[in-house]
Amino acid sequence: MTNMKEDTISAIATPFGTSGTGKVRISGPDAINIGSKIFEASSGIDIYEADSHTAHHGYVVNPKTGKTVDEVLAIVMIKPRSFTGENVLEFDCHGGMVPLEAVLELTLEHGARMAEPGEFSRRAFMNGKLDMAQAEAIIDVINSKTEKSLSIAMEQLKGGLSEKVNKVKDDVMELLAHLEASIDFPEDEIEGFDSNQLEERLKEIKEPIQKLIKTAKQGKLYQEGIKTVIVGKPNVGKSSLLNYLLQENRAIVTDVPGTTRDVIEEYINLDGIPLKVIDTAGVRESEDVVEKIGVEKTRESLKKADLVLMMLDVSQGLTEEDIKVYNLIKEQHTIVVVNKTDLDENIDFDELEEQFKEHPLLWTSVKEEKGMEELKNTILEEIFQEQINVDSDVMVTKVRHRDALNKAFESIEKVEQSLENGMPYDFLTIDLKDVLFYLSSITGETVTDDIIDQIFSDFCLGK
Amino acid sequence: MENNYNYNKKFEKEYDVIVIGAGHAGCEASLAPARMGLDVLTLTVNLDHVAFMPCNPSLGGPGKGHIVREIDALGGEMPRNMDETMLQIRMLNTAKGPAVHGLRGQADKKKYHQRMKQILEEEPNLDLKQEIAETLVVEDDEIKGVVTKTGILFKGKKVVITTGTFLKGKVIIGEATFNAGPNQQYPANKLSGSLEEIGFNLRRFKTGTPPRINKRSIDFSKMHEQEGEKGLTFSFDSPPFERNQVSCYLTYTNDKTHEVIQDNKMRTPLFSGVIDGVGPRYCPSIEDKVVRFPDKGRHQLFLEPEGELTGEYYISGLSTSMPEDVQYEILSTIPGLENAEIMRAGYAIEYDCINPNDLKLNLETKKVDGLFSAGQINGTSGYEEAAGQGLIAGINAALALKGKEPLILDRSEAYIGVLIDELVTKGTEEPYRMMTSRAEYRLLLRQDNADLRLKEIGYELGLISEERYQMFLDKKKDIERTLEFLRDYQVTPTPENREKLKSLDSGALKKPVKLAKILKRPEVDYDDLKFFAPELPEVSREVKDQVSIQTKYKGYIDRQMSQVEQFKKMEDNLIPEDIDYSSLENMRLEAREKLKKIKPRSLGQASRISGVSPADISVLMIYLEQEERENKDEE
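Since the model is a prediction, treat every value here as computed from it, not as a measurement.

On to the overall build of chain B, then. Looking only at helices and strands, chain B has 21 helices and 22 strands in total. Since a compact globule built from 635 residues should have a radius of gyration of about 26 Å, the 26 Å found for chain B is in line with a globular shape. If you line up chain B on its principal axes, its C-alpha atoms span 85 × 80 × 50 Å. For chain B, the residues scored as buried account for 62% of the 635 residues in total. Put simply, of all contacts in chain B between residues at least 6 apart along the chain, 73% involve residues at least 24 apart. Carbon together with sulfur atoms contributes 46% to the accessible area of chain B, which is approximately 24900 Å² in total. If you average the places of the 88 positive and of the 103 negative side-chain charges in chain B, the two averages end up 4 Å apart.

Structure representation (structure tokens):
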């Protein structure tokens, strides 16, 4: 038993919070090899050559895009001197949850498999790293974590996801059953496909998977960042606020796949929560802001904002222009920031309270850095009030789903490749079955018998 | 112990293995141990029906044909028996990939039976007797022998039951029902009771056959002829099949046929409730097809000759248990069969079978040591599936007597492995038929490489002769030699080579490449390579095919091989037989009960039991490791 060779697994090995640090652990024969593909040490050494029990400062870099994911400390442990008794590589990340998740995904893309609940401990036990007294505890962990992750998976699937996944799965199943029926019952009259038809069918499978991946990536809180728009009439301090937030909290991660950076967007890492700040300060100050916002495009981007920071200027008082701006955004999650408290007040406190009673109201002086902590906390509160709790298991489930979707996508691409190369049906089914397997892993079902059931429900076969 | 059983005479000879039944499972189960040097007794209800084909006169097709090839590689008799006696052979699915090519042959029922019977008769270690086995003699959960209907006690160390559809067989033709085995033979009515006494829960399955009609009444001119192909054989070692082949014919049902069936629906046993056995979905009766798929305008029928010395034709696709008068009416609507004379009416048959969950992977029952079962009694259907199991049961009975490890083929080695694993691990709710889509490593389990997969095993068992083995080794050497040549030989982009590629509609050559790379191109055949490499090894067609498949589909094959590596890790992880699942308190109750019932041999098998989750497997692994450490401490 103890000598059973296993594959390489990976997972986030620390609980999350908004504290912003955490550990990704890879364990198994390929752990160091996988790590070396995505890690660039500051010292320039290849971590694959590193001695056991050494720590290396450097960066996790996505080899496909060349972009840095996080600044990390990589710790190498060669078997059997590790927690699991296998080769282990740990990345101590400090960019918060987003990079943790991104690092984990990179390890999955480069050959690791997502660890099952309690799998590190189980391997540790199997390799004699834990004593008998701990066996029961591990079993408890496995059972409780499995139960928990199942319930979370169910929870997540309640949304549209399972319906969409099932729809694609049905399409895959139908195609597969058709191909299999014609393979297993060559003497029955089953209409085949020509390659154009097949191409079409594959496209019908591929596109929704692609869409699902996109949606999965919009696990907004972690991936795209909270779209935050700063609005206000000219000269209320929008640029100063943005600059302040930027210099204090410049995000390490900006290369979220599938998103592009453009000039008016900046990423801010606020205690581990990514904010994508859309800076209307880019609008030329001389122009009429309301008019500018009135432009349909800007209006659209405002509508899509997750959070609006509406800025006022104490010294200018509450103007008609302010009210116009406010009317455009009052349905949104808005924080009203009354800035420039360092200047003379020219504003009616009660009027403000009355006008903006539906939203939090803060008093700041960006220039003197007053009220900034409070602002950050209020932003976080706003986010968490709306978003689900930041729970590590929820996040893990999402990574799992994304991983499965990515792999399903890769597999459908392989089917297309086989078709293009003129491979016969049998070869199409190989990867098509993988597509089905990965999709089913999201909804938690097994499929082998289903295909056979489908064959017999779709076709009149046999003699 | 014998005093507990009623018998008139104890037969003087004591056997190593007694096989009950001489159908396709029984013949293999008898021959294998006899050829392995053990004393075998084979009992059959009717000596004139040894290796009889009560249903269609054919073998093979995708999946089933694969099994026949595997039987050959393991030294079974079915493939050679077929090659010697068959009327026609074809390769199906040739355009769908090498892994799903399937041999299909038309059998001459009489000759098939006669030759197989003769093989059994001539086998020195085998006694073939016409006897009806009625009682299993069991002492302390161990099999001791069999008592027959006529009161003879045969003592045997191992017993293999291969009763097919004989157990409490009941034939149904419309409103008429009577107790009978297949083809209205004498049924085995008592053995079921003996099995139930031992503690088996029996189930009722159903299957059916179409009417047989006289050749002189068929108008073949209204049908489409289907001829055979020269040169093909089921056995790797048979000489090429060059005899004249007999054709089959295609015709179709139509709206009128369907009308007749709909009109007589209430007289159909299937819908009126007379039949309560579970029938197979892949072998539906015509009434079932018409009712379930009302939109299908026609159903294909396939006329197969039953033999050279008979005019009987089998109407494949027209299986039915409708009243005989309705069968006449149905036939009269079908082009070419308007005047068909029925010689035997179609019928449905119900029979008892056991739940294969009660078996171990060596096909021995969990309840009684030394008692094996194979074939339709295990819930399968098909001659090939039966023969495959019979062979394994026979081999394992022999291996047990020799004190050797059982032969258990896993899902990555053989369709026979897939078949037995699924029966034992998952059970079956309908008569089980093999299909290639059941095999997850289909690309590796090809019919062309069954010998490469299994012949070594057959030889080690003593079921493959030295001569056949030597032929195999030569073939293997040729394959390796040729593959090496392809890997090493370099082709340069000379004008002639370019021109040749162009003539093959193949892409241009820019830089020197290995010959294997050229063969990888879909449009290039092995024989085309001669132009680029005059020293190309001269090898047999089989070797060329093997080398081409291994080269052309290497990427896919390698991928499945690495999956198999992963699979083997779990498969090789054996679970001690004496494990007490009820003591695993931390495991979910459902999982514990399933494991207790199936008693999986390995962690791999355990993971395939429905209702056992990956988390349960993790818990089981930890438990096993705990046990191991405790045992070590005690030592």
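Residue and element names in this part refer to chain A. The residue Asp 344 is located in the loop between β12 (334-339) and α11 (349-355) in this model. Distance in space between the C-alpha atoms of Asp 344 and Thr 334 is 25 Å, their sequence separation being ten residues. In contact with Asp 344, other than residues within four places in its own chain, are Val 314 and Ser 315.

In this section: unusual backbone geometry. Residues and elements named next belong to chain A. At the junction of Lys 79 and Pro 80, the peptide bond is cis and its omega measures out at 0° in the coordinates. Inspection of the secondary structure assignment puts Pro 80 in the loop between β5 (67-77) and β6 (88-93). The phi dihedral of Lys 340 falls on the positive side, at around 65°, and the residue is not glycine. Counting through the fold element by element, Lys 340 comes out in the loop between β12 and α11. On the basis of relative accessible area, Lys 340 is assigned to the buried category, the value being 18%.

Time to look at the environment of His 113 of chain B. All names here are of chain B. Position of His 113 relative to the elements: it lies in helix α4 (residues 109-122). Sequence-wise, His 113 and Val 50 are 63 residues apart; in three dimensions their C-alpha atoms are separated by 5.7 Å. The contacts of His 113, once residues within four sequence positions are left out, are Leu 47, Asp 48, His 49, Val 50 and Ala 51. Among the polar contacts listed, one links the side chain of His 113 to the backbone oxygen of Val 50, at a separation of 2.7 Å.

Moving on to the sheet that holds strand β13 (residues 212-214) of chain B. Residues and elements named next belong to chain B. Strand order in the open sheet formed by six strands is β14-β15-β16-β17-β13-β18, and the pairing between neighbours is antiparallel. The open sheet has two free edges, formed respectively by β14 (224-226) and β18 (342-344), since each of these has just one partner strand. Direction aside, neighbouring strands of the sheet carry axes that sit 35° apart on average. Note that strand β15 (residues 248-252) and strand β16 (residues 300-305) share four bridges and pair antiparallel.

Turning next to a positive patch on the surface. A cluster of basic residues, Lys 510, Lys 511, Lys 517 and Lys 520 of chain B, forms a positive patch on the protein surface. Here Lys 520 of chain B falls in the partly exposed class, since its relative accessible area comes to 37%.

Here we come to the pairing of strand β8 (residues 142-148) of chain B. All names here are of chain B. Among the seven residues in β8, five count as buried, and that is most of the element. Relative to β8, strand β7 (residues 133-139) is paired through six bridges, and the arrangement is antiparallel. From the neighbouring strand, Leu 136 faces β8, where its bridge partner is Val 146. With antiparallel pairing between neighbouring strands as the criterion, β7 and β8 make up a hairpin whose turn holds two residues, including Asp 140 at a positive phi of roughly 45°. Both β8 and strand β9 (residues 152-161) contribute to a ladder of three bridges, which runs antiparallel. Its bridge partner lying in β9, Gly 145 is registered against Lys 155. What sits between β8 and β9 in their antiparallel hairpin is a turn of three residues, with Gly 151 showing a positive phi close to 85°.

Burial runs high along helix α2 (residues 64-73) of chain B: ten of the ten residues are buried. Gly 75 of chain B lies just past α2 of chain B and shows a positive phi near 90°.

The next subject is the packing of helix α6 (residues 255-263) of chain B against helix α9 (residues 324-331) of chain B. Residue and element names in this part refer to chain B. Remark: α6 packs on α9, axes separated minimally by 9 Å, with the N-to-C direction vectors making an angle of 165°. By the angle class used here, α6 and α9 are roughly antiparallel. As α6 runs across α9, the sense of the crossing is right-handed. Contacts between α6 and α9 pair Thr 257, Val 260 and Ile 261 from the former with Val 326, Glu 329 and Ile 330 from the latter.

What follows concerns the packing of aromatic side chains. All told, the structure shown has 16 aromatic pairs over all chains when counted by the stated rule. Their ring planes at 10° and their centres at 6.3 Å tell us that Phe 11 of chain B and Tyr 15 of chain B sit as a pair that is stacked. Assessed through its relative accessible area of 17%, Phe 11 of chain B is described here as buried. Accessibility expressed as a relative area gives 0% for Tyr 15 of chain B, which makes it buried. Members of the aromatic cluster, each reached through a chain of ring pairs, are Phe 185 and Phe 456 of chain A together with Tyr 282 of chain B. A cation over a ring is seen here: Arg 298 of chain B above Tyr 252 of chain B, with NZ or CZ 3.6 Å from the ring centre.

This part takes up the sheet that holds strand β10 (residues 170-173) of chain B. Residue and element names in this part refer to chain B. Sheet architecture is open: four strands sit in the order β11-β10-β19-β12, paired in antiparallel fashion. Only two strands of the sheet have a single neighbouring strand rather than two, namely β11 (176-179) and β12 (202-209). Strand after strand, the sheet turns through a mean of 20° between neighbouring axes, direction not considered. Pairing between β10 and β11: four bridges, direction antiparallel. Looking at the pairing, Val 171 lines up with Phe 178 of β11.

Moving on: the confidence of the model for chain B. Here chain B averages 94 in pLDDT, and 99% of its residues register 70 or above. For this predicted complex, the interface score ipTM comes out at 0.92, alongside a pTM of 0.84.

This part covers the interface of chain B and chain A. In this complex, chain B contributes 57 residues to the contact, which on the side of chain A involves 56 residues. Between chain B and chain A lies a buried interface of about 5100 Å² when both sides are counted; carbon and sulfur atoms form 56% of it. Our count for the contact surface shared by chain B and chain A stands at seven salt bridges. In this structure, Glu 187 of chain A engages Arg 104 of chain B in a salt bridge whose closest nitrogen and oxygen atoms are separated by 2.7 Å. The dominant element in the side of chain B that touches chain A, judged by the number of residues it contributes, is helix α21 (residues 614-634) of chain B, at eleven residues. Considered class by class, the residues forming the side of chain B that touches chain A number 25 nonpolar, 14 polar and 18 charged.

On to the environment of Leu 401 of chain B. Residue and element names in this part refer to chain B. The topology assignment puts Leu 401 in helix α10 (residues 383-401). Exposure remark for Leu 401: the relative accessible area of 27% places this residue in the partly exposed category. Discounting chain neighbours no more than four positions away, the residues touching Leu 401 are Asp 16, Val 17, Leu 38, Lys 157 and Lys 158.

All names here are of chain B. Among the nonpolar cores identified, the biggest contains 99 residues, and Leu 136, Ile 395, Leu 409 and Ile 416 are the most heavily contacted of them. If you tally residues by element for this core, the top one is α10, at ten residues. The contacts of Leu 136, once residues within four sequence positions are left out, are Tyr 5, Ile 20, Ile 143, Gly 145, Val 146, Val 159, Ile 161, Leu 191, Ser 194, Leu 195, Ile 198 and Leu 371.

Oppositely charged side chains can form a pair if their charged atoms are brought close together. Residues and elements named next belong to chain B. Applying the stated criterion across every chain, the model contains 82 salt bridges over all chains. Arg 446 is paired through a salt bridge with Asp 448; the nearest N and O atoms lie 3.0 Å apart. Like Asp 448, Arg 446 is buried. Taking the shortest distance from any N to any O, the salt bridge between Glu 571 and Arg 608 comes out at 2.8 Å. Taken as a pair, Glu 571 in helix α18 (residues 554-571) and Arg 608 in the loop between α20 (603-607) and α21 lie far apart in primary sequence, 37 residues in all. Both residues of the pair, Glu 571 and Arg 608, count as buried.

Each value, and the rule that gives it
- Residues numbered from 1 in each chain as written.
- Chains lettered and ligands numbered in written order.
- Predicted model: local features only at pLDDT ≥ 70, side-chain atom pairs only at ≥ 80, totals over all residues.
- Heavy atoms only, no water.
- Helix = DSSP H or I, 4+ residues; strand = E, 2+ residues; numbered from the N terminus.
- Rg over C-alpha atoms; globule rule 2.2 N^0.38 Å.
- Buried < 20%, exposed > 50% of the residue type's maximum accessible area, 1.4 Å probe, protein only.
- Contact = heavy atoms within 4.5 Å.
- Areas by Shrake-Rupley, 256 points an atom, 1.4 Å probe, with all protein chains shown as cover.
- Lys, Arg positive; Asp, Glu negative; His and termini not counted.
- Charge placed at Lys NZ, Arg CZ, Asp CG, Glu CD.
- Polar contact = N/O pair within 3.5 Å; in protein donor to acceptor, adjacent residues only side chain to side chain.
- Pairing = 2+ DSSP bridges.
- Axes fitted to C-alpha atoms, helices over the stretch in contact; angles between N-to-C directions.
- Patch = residues over 30% accessible without salt bridge, like charges linked within 9 Å, V, L, I, M, F, W, Y side chains within 5 Å.
- Salt bridge = Lys/Arg side-chain N within 4 Å of Asp/Glu carboxyl O.
- Parallel < 35°, antiparallel > 145°, perpendicular 65-115°, else oblique.
- Left-handed = near helix turned anticlockwise from the far one by under 90°.
- Phe/Tyr/Trp six-rings, centres within 6.5 Å; stacked < 30°, edge-to-face > 60°.
- Lys NZ or Arg CZ within 6 Å of the ring centre and 35° of its normal.
- pLDDT = per-residue confidence, 0-100.
- Buried area = accessible area lost by both parts, 1.4 Å probe.
- Nonpolar A, V, L, I, M, F, W, Y, C, P; charged D, E, K, R; others polar.
- Core = buried A, V, L, I, M, F, W, Y, C linked by side-chain atoms within 4.5 Å.

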